[in-house]
Amino acid sequence: MMIDYFRDDMKKLILICALILSACGKAGAPVDPLDAVAARTCKDTIEARATNSKSISYLGEETVAKAANGQRNVTLKFSAKNEIGMASTMLAACTVTADGKSLLNIAVKDTR
């Protein structure tokens, strides 16, 4: 009887822990599927234009904002190595079509 009591308490504790851990998921991850498509379009462009695409490392989460005209503005931070192997941290701002599939503009600046 006492063992059943502790077993029930353990089940409740495990359930509470699982709920807390599931709430600790990635904050800022795109909720709208088109936001995820827009972010991928921006990343694909960065990777296609990079001198050393294998050296790209994305830092933190990207932010995606929807403009009044439906276009998506994606901002993300990344690190990449240049042709002599020196890493730089960059900030990219992409403007993507409303469906997220085509890049309209990209501006990349060094954050040094």
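Up top you'll find the structure we're talking about.
Residue numbering note: each chain is counted from 1, following its sequence as written. It should be noted that, the model being predicted, local features are given only for residues of pLDDT at least 70 and side-chain atom pairs only at 80 or more, the latter also being counted only at that level, while totals for whole chains, interfaces and linings use all residues. Here the side-chain values reflect all heavy atoms present in the structure, with hydrogen atoms and water set aside.

(A) Geometry of the overall build of the chain. Secondary structure counts use DSSP, requiring at least four H or I residues in a row for a helix and at least two E residues in a row for a strand, with both numbered from the N terminus. Within the chain, the secondary structure is distributed over two helices and four strands. Going from the N terminus to the C terminus, the chain shows its helices and strands as α-α-β-β-β-β. Buried residues are those whose accessible area, probed at 1.4 Å on protein chains only, stays under 20% of the maximum for their type, while exposed residues exceed 50% and partly exposed ones sit between those limits. Looking at the chain as a whole, 23% of its 112 residues qualify as buried. A contact between two residues is defined here by any heavy atoms of the two lying within 4.5 Å. Partitioning the contacts of the chain with sequence separation of at least 6, the portion at a separation of at least 24 is 40%. Shrake-Rupley sampling with a 1.4 Å probe provides the accessible areas, and residues are treated as covered by the protein chains on show and by no other component. If you sum the accessible surface of the chain, you get close to 7900 Å²; carbon and sulfur atoms cover 60% of it.

(B) Quick look at the sheet that holds strand S3 (residues 87–96). Only strands joined by at least two bridges in the DSSP assignment are considered to pair. On the basis of which strands lie adjacent, the open sheet formed by four strands has the order S1-S2-S3-S4 and antiparallel pairing. Every other strand in the sheet has two partners, leaving strand S1 (57–66) and strand S4 (103–110) as the edge strands with one partner each. Strand-to-strand twist of the sheet, defined as the mean angle between neighbouring strand axes without regard to direction, takes the value 20°. Two elements, S3 and S4, share seven bridges in a ladder whose sense is antiparallel. Bridge pairing links Val96 to Leu103 in S4. The axes are straight lines fitted to the C-alpha atoms, using for helices just the contacting stretch, and the angles between their N-to-C directions are given from 0 to 180°. Sitting on the sheet, helix H2 (residues 33–49) is in contact with S1, strand S2 (72–81), S3 and S4, with an inclination near 35° to S2.

(C) Highlighting the pattern of salt bridges. Between Lys or Arg on one side and Asp or Glu on the other, a salt bridge is scored when a side-chain nitrogen of the former is within 4 Å of a carboxyl oxygen of the latter. For the coordinates displayed, the defined rule picks out five salt bridges. With its nearest N and O atoms 2.5 Å apart, the salt bridge here joins Arg72 to Asp35. Remark: Asp35 occurs in helix H2 and Arg72 occurs in strand S2; sequence separation between them is 37 residues. Considered together, Arg72 and Asp35 belong to a single accessibility category, that of buried residues. When salt bridges that share partners are traced, they join Asp32, Asp35 and Arg72 into one network.

(D) Representation of the layout of surface pockets in the model. Only protein atoms enter the 1 Å grid used here, on which a cavity is any set of points holding a 1.4 Å probe that cannot leave and a pocket is any open set flanked by protein within 12 Å on both sides along at least five of seven lines; residues with an atom within 4 Å of a point are listed as lining. Grid points are joined across faces, edges and corners, and a volume is the space filled by probe spheres set on the points. Of the pockets and cavities examined, the largest pocket occupies roughly 270 Å³. Arg49, Ala50, Thr51, Phe78 and Met90 are, among the 15 residues lining the largest pocket, the residues nearest its centre. For the lining of the largest pocket, the elements supplying multiple residues, two or more each, are H2, S2, S3 and S4. In this count, Pro and Cys sit with the nonpolar residues alongside Ala, Val, Leu, Ile, Met, Phe, Trp and Tyr, while Asp, Glu, Lys and Arg are called charged and the others, Gly among them, polar. Here the residues of the lining of the largest pocket sort into eight nonpolar, four polar and three charged.

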